[in-house]
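Structure assessment
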Amino acid sequence: MPLALLALALSAFAIGTTEFVIVGLLPTMAQDLNVSIPSAGLLVSLYALGVAIGAPVLTALTGKWNRKKVLLSVMALFVVGNLVAWQAPSFQALIVARILTGLAHGVFFSIGSTIATGLVSKEKAASAIAIMFTGLTVALVTGVPLGTFIGQQFGWEATFLTVSVLGLVAMFGSALLIPNNLQQAKPAKISAQLKVLTQPRLLLVYAITAIGYGGTFVAFTYLAPILNQITGLDTRVIGLIMLVYGVSVAIGNIWGGKMADKMGPIKALTIIFIGLAAILLAFSLTAVNPLAAIITILLWGAFAFGNVPGLQVYVVKLAEKYTPDAVDVASGLNIAAFNIGIALGAWGGGVIVERSGLMTTPWVGAIVVLIALLLTRFSGALDRKAMTS
């Protein structure tokens, strides 16, 4: 495998860290910036909104550009965004920095897969993509807890400085190691994306993705304040719990993928959404006990991200049937749907915290996940109907 893949994996690691590290630092940042916990939660929402816009729109607009130049431009934007966050003179400046890094994130993962496959022979394409995405998984397991620890020890600004240095190393690595003459596919036109958005079956899956993922983020965004204020844990312990959560996420991703392969996406998603709703309901009861809370969070991580492979497989399967000339576009729009879910979930969670308190978020999140379950069963019924007609 070429060394250039390691530069892509390091980029994915830095990007994954900066997206989710906010969750562990939320109480620290809210206190330091003199804003409420729900206001600090906007830093999660607006980042995700940047990803949702960046992935389809900016990728389409830069479709004719040289892939390496786009990648380097995106990583430069990512570094600048994190440097602005490091030196942010106000909460408003920090919001702008988060939107910038979100836009960079969206484009990176849209073009990163095609660059990774262009570096290897056709039979190694899946392995190349897997290596790049390993950076994202490792970020959840080590980057987020490490970033949380750095932020708690040296101030949250130090976390953004560290991530910007990682991004800079990854950018120089990509500049040196990725060839200039990579073959690139014909760019997807915005009209092709609009065609995907006119397909009711794909829109239904995007709704499942956004609602199912959003349900988790109603509560997950405010996990650190819950553990601090309700469970009574020290902020230093929260960093360790994020490590536990990250390991669980990595296991859940593999488990969810195997389950989707074995029993099909609808059955796998049904099991995962039922489990996730049950865990969120349980957390509304177990949060008061440190040991019970940690066990619940361990299970939560596996179920929360276990739905990702099943949803991606399902979108590709339906796109091959309904929009065969725009399968990549359909898959990319599902990534946007994940981030719309994160944005709406974090924002909705903030509204709930303001009006009803922190401990309302887990059971409201469970209700949202159950709506995704109902939509999943409905989609499965439509599949069966289409097969018999």
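Read on for an overview of the structure.

**What to know about the packing of aromatic side chains**
- As enumerated under the stated definition, the model contains 14 aromatic pairs in all.
- Here the aromatic rings of Y213 and F217 are separated by 5.7 Å at their centres, their planes lie at 40°, and the arrangement is tilted. Of this pair, Y213 and F217 both sit in helix 8 (residues 200-220), four residues apart, which is roughly one turn of that helix. Like Y213, the residue F217 is buried in the burial classification.
- When the centroid spacing of 4.7 Å and the interplanar angle of 70° are considered together, the rings of Y213 and F338 count as edge-to-face. A residue pair is termed long-range when its members are at least 10 positions apart, and Y213 in helix 8 and F338 in helix 13 (residues 327-356) qualify at 125 residues.
- Taken together, the ring pairs connect F20, Y213, F217, F220, Y245, F283, W300, F305 and F338 into an aromatic cluster.

**Looking at the packing of helix 1 (residues 4-33) against helix 9 (residues 223-230)**
- Direction vectors running N to C along helix 1 and helix 9 enclose 50°, while the axes themselves pass 7 Å from each other. Relative to helix 9, the element helix 1 lies oblique. Contacts between helix 1 and helix 9 involve V23, G24, L26 and P27 from the first element and L223, A224 and P225 from the second.
- When the residues that make up the contact of helix 1 with helix 9 are grouped by side-chain class, the tally is six nonpolar, one polar and no charged.

**Describing the nonpolar core**
- Counting residues in hydrophobic clusters, the biggest one holds 69 residues, and the most contacted among them are M29, F220, L223, W300 and F305.
- When residues in this core are grouped by element, the largest group, nine residues, is from helix 1.
- Beyond its immediate stretch of four places on either side in the chain, F305 contacts F20, L140, Y213, Y245, V249 and N253.
- L5, A12, A14 and V120 belong to the second-largest nonpolar core, a separate cluster that totals 29 residues.

**Some points on helix 14 (residues 361-388)**
- Between its first and last C-alpha, helix 14 extends 41 Å over 28 residues, near the 40 Å set by a 1.5 Å rise per residue.
- Burial in helix 14 covers these residues: T361, P362, V364, G365, A366, V369, A372, L373, T376, S379, G380 and D383.
- As for helix 14, its buried residues are in contact with helix 8, helix 9, helix 11 (265-286), helix 12 (290-322) and helix 13.

**Things to note about the packing of helix 10 (residues 235-263) against helix 11**
- The contact between helix 10 and helix 11 brings their axes to 7 Å, and the two run at 135°. Relative to helix 11, helix 10 is oriented oblique. Taken together, the residues of helix 11 that come into contact with helix 10 (itself represented by W255, G256, M259, A260 and M263) are P265, K267, A268, I271 and I272.
- In terms of residue class, the contact of helix 10 with helix 11 is made up of eight nonpolar, one polar and one charged.

**Observations concerning the pattern of salt bridges**
- In this structure the tally under the stated criterion is one salt bridge.
- Put simply, D383 and R201 hold a salt bridge, and the shortest N to O gap is 3.0 Å. Taken together, the residues span a long stretch of sequence, with D383 in helix 14 and R201 in helix 8 at a distance of 182 residues.
- Under the relative-accessibility criterion, R201 is labelled buried at 10%.

Calculation rules
Residues numbered from 1 in each chain as written. Predicted model: local features only at pLDDT ≥ 70, side-chain atom pairs only at ≥ 80, totals over all residues. Heavy atoms only, no water. Phe/Tyr/Trp six-rings, centres within 6.5 Å; stacked < 30°, edge-to-face > 60°. Helix = DSSP H or I, 4+ residues; strand = E, 2+ residues; numbered from the N terminus. Buried < 20%, exposed > 50% of the residue type's maximum accessible area, 1.4 Å probe, protein only. Axes fitted to C-alpha atoms, helices over the stretch in contact; angles between N-to-C directions. Parallel < 35°, antiparallel > 145°, perpendicular 65-115°, else oblique. Contact = heavy atoms within 4.5 Å. Nonpolar A, V, L, I, M, F, W, Y, C, P; charged D, E, K, R; others polar. Core = buried A, V, L, I, M, F, W, Y, C linked by side-chain atoms within 4.5 Å. Expected span 1.5 Å × (residues − 1). Salt bridge = Lys/Arg side-chain N within 4 Å of Asp/Glu carboxyl O.

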